[in-house]
Every structure is written in structure tokens, then in C-alpha cells.
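# Structural characterization, general
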Amino acid sequence: MEKLETYKALFNHSRDGIIIAENDGKIVLANARTEDLLGYNQNELLGANMEIFIPQRFQDDFEKQKLRYQSNPIVKDIGRKKGFIAQKKNGDELTVEIRLNPININGKAHTVISINDVTESKSAADELLKSNERYAGLLRNLDTGIVVHAPDTSILKCNPKVEELLGLSRDQLFGKTALDPAWKFLQANGEKLPLEEFPVVKIKNSKQAFKSFIGGVYRPQTNDVVWLIINGFPMLDKEQNITEIVISFHDVTQQHQLQNDIDREMSSKDAFLNSSIDLFWSVDSDLRLLTANEVFFRSAQRSSGKSLKLKEGVLRSDFFDEKTINYWKSNYEQVLSGKTLLIEYSVKNEENRVAEWFELKMSPILQKQKIIGVACFGKNITERKINEIELTRAKERAEENEKNLLLKNNEFELVNKKLEKIANDLQKEISLRQVIERTIPSGLSVVDASGKQVYVNQSFCNLLGFSEQELIGKMAPFPYWPESEIASISEAFQKTLVNEAPKEGFDLVFKHQSGKLIPVQVIVSSFEQDGTTFWLANVIDITERKTKEIENKNKSQRIHAIINNTNDIICSIDLNYNLVEFNNVLATSILETF
């Protein structure tokens, strides 16, 4: 009796609906869960046929299945894969799984029918299937390459975009690891990417996501390089072991080429700006430094003792004092309001002495009629200012001397002669100084008509490493003439003494006291003093220029070699559509046309 009560409790509290029916389908027992599932009460179920919960459209098929079961009653699952549709009393349908289990009660065949409601799980499964189909469709049509790697970096899956970008078929890609020698990855600068820097290898070693890496892949089939921006991340299990590595990459070849073109153009502009002795710089409306040449940075360093950087504010309180900041802030604000300023200003050195003078023009930068910044051009007028200052001082000294002399009325004649001599000497001094100062800070050397060296400035000594005492009074050949260059320098020296030196000067090679050879440009001019002719040589170190000429020549040769070895037509035209330069392919095409 106790077991019977237990069976009844299990029967009525089962999570599945349970029906016991006779072999012809007549229901003889149903549990409470069946009532809940189908909406029928016990009175309606008992004695009814199982067809009451079969939708009308499935009745014929159900009848055939029932007959087959009656002829061979065995345990059978219905709707396990696709689900079985049952109909509730109110007409609603639900998806169920049914198990038929034959039993014998009192010598008569019966069937236990278990009904499990799988409506929600079936809907979830259908939705998951649709989601997977959408995901697969997305991957097939995505303009981004997606690769799934195994933990050993071998390729497990990829979408069609990968085949297009890498120029390899799916069969060629599958199973290929990072160690495969066929891979030729490049860094952004065009150099070969080391194996340990491969994105998939870095993710494997770090177990961290990898973002925004720009690299190139050489495609041997098309003999070209595709540039990609690459991202990736690891899939980890509960023990933090890598199960898969997902890599995505997008084609940025055009952007990469455009950036290279921009970089080359900027390099050309920087080279032009930095070749000048004048100042160039610009700031935005927030007074942040946009562009500047090396002269500007040196002047800023000399003024503040610190180094300014691009995109930083130019009026920082930790760089300049309040007076300097207020002065330049006022100038910038005037230009940002639409004015153009012309001012003179000086740059002081660490000893608080004026090192350079500049004549500065500050102009608004316009973009679509809107002022977005300030452009500044400062012409170096140090030489002019030095001459002006010296002339002023000379005049002041002359005036002072004149006043003192005029006080001595009893020595008027003597004073007059002395004043005339002082004025003449002063004029000679100014004339010589003006000639010399016009070439500062270059090296200066003066020789007389006999070829003897009578003057050198400090810059000349610094350039060649000799002291003034080691050079003054020497006759040619001078100690800074290399033995291998004596013939060519002597020829230039003789031309100078007979006033046949070219205006552009001579390109020669001098020798430093240490033995180092220094390429120089020597520009010679003559002047008269006390009836004697002297020759002033302006000596300029052209080491950097010569180095750049060699580099530019080599670079030009490499560029022309690349251009003329390509199969594409390459040319450049000016703004008037005139053909400026072209490669052999275009030249050949033109000749074939005519």
C-alpha cells in the first residue's frame, strides 16, 4: 500500500505529462502534468482517444503510425529531432517529444505515453540555427579577413576575404602555421618582420589581445605587397589555456601609400625649411606649435634653456617669464583677430646677451575664410644690426671726441688735425670691420699682396683647429693645405692674387690640425687700405652640403632605377600640364606611337 502511494505521488508530480492508453489508443489514466500541458481535465481525458491532442492536419499520418506501432509495439521516441506538434484544448500548438513504452496490465496490452514540452528549447535551437546562419553569411560577405588559428598557430578556418587579400586558396591556407617559410610579412618601414613579432605568435605568447598593427604581406602570385591593419585576440578555456586565436585584418594598401606620399612631401618641406638661416614656425588658434624649422628650435632653446616640441603650447610658464609670455601673447592675439604684424626682436643666449636679431612677419592662417592659426617668418638681420650698432657707436665716439677737442681752444689746430686723423682711422676701421662682419660667422682669412696671411678670425681657427699664432705671418703653402690638394689649392690661390677668382668662389678641401679633411667653399674679395691691396677669403664648411649632394644623388639614382625598371607608366607634370619627368615605359610608348 505504501509503495502504491509512492508511485501515485511520482506519477502525479512528474515534470512530463504521462498517459496510459489501451492498445487502440483509448486513455485510461493521465497525470496532473498532462492536464497542464493539454488544457483538458481528468474527466475529459479518461475514455477519450489520443487523437484529441493531434492537430487535424496530422491525423492521417498519426493513424498510420499508430497502426504500425500496434502491429509491433516497441519503445519508440517521436519528435526527438524535429519535434512533434501537439494541440491543446484551446487550439494552441506546442512542440513536444513523445516516448511510447509498451506494458502489460492484467494480461492486456497498454502503452505508457510520456510527453515532454520542448517548445522553448526548440525555439531557442531554431533561433541559434538562424543566428549561426546569419553569422556565417556575415563572415562570407565581410570586407574584413577573418582567420581562426589553433593553439599551435595552424589555420583552422577563414572567410573568402582572406583568400582574396593573401592571394592563397582555402586549401593552401588550411593547416599552415606561422613557422611556414612561405609567409613573408613586412614591417611598416618595409623591412622583414621577425617571427616573434608575428601577430598570432605575440598573442600565443602573451595570451593578450593585439590591436592596430600595420604590416605588409608579400603575395608571390601577383608579385606585390598588400598592407593590412591587423587585430587579434585569444579564446581561453576555464584554465586560461588558449583554445583558438582569432585574427582579423583589413586592406589599407591605398592609405599606406598615401601616408608614404605625405611623409615624402613633408620630408621635402622640412629639408627646405631647415636649409635656411631664417625662422619659420606656425601655431594653431590655441597657440600650440604646428610646424617649425631647426632655426626656430635653436632660438627657443637659446631663449628658454629648454626644448619646445610640436603640438605643445609655445607660451609655457615653465619655459618663459611672464613679461615674455605677455609680449608674445599680445602679438598672437592681434594676428588671430586678423592683423598682420612686422616686428623686430632679439634672441639672447645663456649669458643674457643678444645672440641674434630677426625681422619677423606674423600673418593669419586662413581656412575657408576662417582664421585657424598664425604663420611666422623671421628673417635673420643679425649682420645688419651689428653693423648698425657699430656705426652708431662709432658716431658716438666721434661726437664725444669732437666735443672734447673743441674744449681746448688753445690747441685748436692740433685738435683739428687729431680729429681729422681720428675720423680717417675710424672710417678705415669701419670699412674693414664692415667687410669682415658681412661674412660672420664664416671663417675669415686675409692675405696681402705678397701672399702672406695677415689676419684670421676665431671661426677660421675653430674650423681648422689652428691657433691665430700658428697662422699669422705664414706664407703659402699654409699648414691647412693637404699635400694631396696643394696643386689645386695653389692654382686657386694664384688666380686670387691676379683677381681671376670666380664670383661663386672655389670648392676646395682643407686639412684640420687633427688630419681630418674638410670640404670648404672659399669666396674671395679684395679691398684697399693705405694703398695696399688685400684679399679677404670667406671660408664656409660645406661638409653637410657635400654629404647631402651624395645622398641625394644616390637616392635619385635608386629612384630612377626603380621607376625605369617597373612595367607601369610613371610621369609627372607641372601645374601648366607640361611633362616634367617620365620613365622608360612612357618613353617607349611615345616612340611606338610616332
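Before reading on, note that the structure itself is shown above.
Residues numbered from 1 in each chain as written. Predicted model: local features only at pLDDT ≥ 70, side-chain atom pairs only at ≥ 80, totals over all residues. Heavy atoms only, no water.

## Side note on the overall build of the protein chain
Along its length, the protein chain carries 18 helices and 24 strands. For the protein chain, with 594 residues in total, the buried portion stands at 32%. Sequence separation of 24 or more characterises 39% of the internal contacts of the protein chain that already satisfy a separation of 6 or more. (Helix = DSSP H or I, 4+ residues; strand = E, 2+ residues; numbered from the N terminus. Buried < 20%, exposed > 50% of the residue type's maximum accessible area, 1.4 Å probe, protein only. Contact = heavy atoms within 4.5 Å.)

## Topic: helix α16 (residues 486–497)
Helix length check: α16, at twelve residues, gives a terminal C-alpha distance of 16 Å against a target of 16 Å (1.5 Å per residue), a fit within 8%. Every buried residue of α16 is listed here: Ile489, Ala492, Phe493 and Thr496. Buried residues along α16 cover an arc of 100 degrees about the axis, so they all sit on one side. Looking at the buried residues of α16, the elements they touch are β18 (443–448), β20 (506–511), β21 (517–529) and β22 (532–541). One or two residues past the end of α16 sits Asn499, with phi positive at roughly 60 degrees. (Expected span 1.5 Å × (residues − 1). Arc of directions from axis to C-beta.)

## Focus: unusual backbone geometry
Look at the link from Ala476 to Pro477: it is a cis peptide, with omega at 0 degrees. Looking at the element boundaries, Pro477 is found in the loop between α15 (468–471) and α16. Phi at Asn223 is positive, roughly 55 degrees, even though this residue is not glycine. Mapped onto the elements, Asn223 comes out in the loop between β10 (210–219) and β11 (224–236). Unusually for a residue other than glycine, Leu287 sits at a positive phi of about 65 degrees. Checked against the element boundaries, Leu287 lands in the loop between β13 (279–284) and β14 (289–292). On the accessibility criterion, Leu287 (16% relative accessible area) is buried.

## Details of the packing of aromatic side chains
Scanning the model with the defined rule gives 15 aromatic pairs in all. Taking the centre distance of 5.3 Å and the plane angle of 80 degrees together, the rings of Tyr327 and Trp328 count as edge-to-face. Of the residues examined, Tyr327 reaches a relative accessible area of 36% and is grouped as partly exposed. Both rings, one in Phe478 and one in Trp481, keep their centres 5.4 Å apart while their planes meet at 85 degrees; by these two values the pair is edge-to-face. Like Trp481, Phe478 is buried. Above the plane of the ring of Trp357 lies Lys385, whose end atom (NZ or CZ) is 4.7 Å from the centre. (Phe/Tyr/Trp six-rings, centres within 6.5 Å; stacked < 30°, edge-to-face > 60°. Lys NZ or Arg CZ within 6 Å of the ring centre and 35° of its normal.)

## Observations regarding the sheet that holds β11
Read from one edge of the open sheet, six strands run β8-β7-β12-β11-β10-β9, paired in antiparallel fashion. Only two strands of the sheet have a single neighbouring strand rather than two, namely β8 (155–158) and β9 (185–186). One ladder, built from five bridges, connects strand β7 (residues 145–149) with strand β12 (residues 242–251); its direction is antiparallel. By the bridge assignment for β12, Val147 is matched with Ile247. Sitting on the sheet, helix α8 (residues 199–206) touches β7, β10, β11 and β12, and the angle it makes with β12 is about 150 degrees. (Pairing = 2+ DSSP bridges. Axes fitted to C-alpha atoms, helices over the stretch in contact; angles between N-to-C directions.)

## Topic: the pattern of salt bridges
This structure, assessed with the given rule, holds 23 salt bridges. For Glu44, the salt bridge goes to Lys89, with nearest N and O atoms at 2.5 Å. Note that Glu44 is positioned in helix α3 (residues 42–45) and Lys89 in the loop between β4 (84–87) and β5 (93–105), a separation of 45 residues in sequence. The class of Lys89 is partly exposed, set by a relative accessible area of 45%. For Arg393, the salt bridge identified is with Glu390, shortest N-O distance 3.7 Å. (Salt bridge = Lys/Arg side-chain N within 4 Å of Asp/Glu carboxyl O.)

## So, the pairing of β21
Remember that side chains alternate between the two faces of the sheet whenever the strand is regular. Bridge count for β20 against β21 is six bridges, and the pairing is antiparallel. Bridge assignment links Lys511 to a residue of β21, and that residue is Leu517. Following β20, the chain reverses through five residues before pairing antiparallel with β21; Gly515 in that reversal takes a positive phi of roughly 105 degrees. Pairing of β21 with β22 involves ten bridges; the strand directions are antiparallel. Bridging from a neighbouring strand, Val520 pairs with Asp541 of β22. Here β21 hands over to β22 after two residues, with Asp530 in that stretch at a positive phi of 55 degrees.

## Digging into the environment of Gly465
Inspection of the secondary structure puts Gly465 in the loop between α14 (458–464) and α15. As for Gly465 and Gly515, which are separated by 50 residues in sequence, their C-alpha atoms are 9.8 Å apart. Setting aside its immediate chain neighbours within four residues, Gly465 contacts His512 and Gln513.

## Side note on the environment of Gln208
Relative to the helices and strands, Gln208 resides in the loop between α8 and β10. For Gln208, the residues in contact, after removing those within four places along its chain, are Ile203 and Pro234.

Keep in mind these numbers describe shape, not what the thing actually does.
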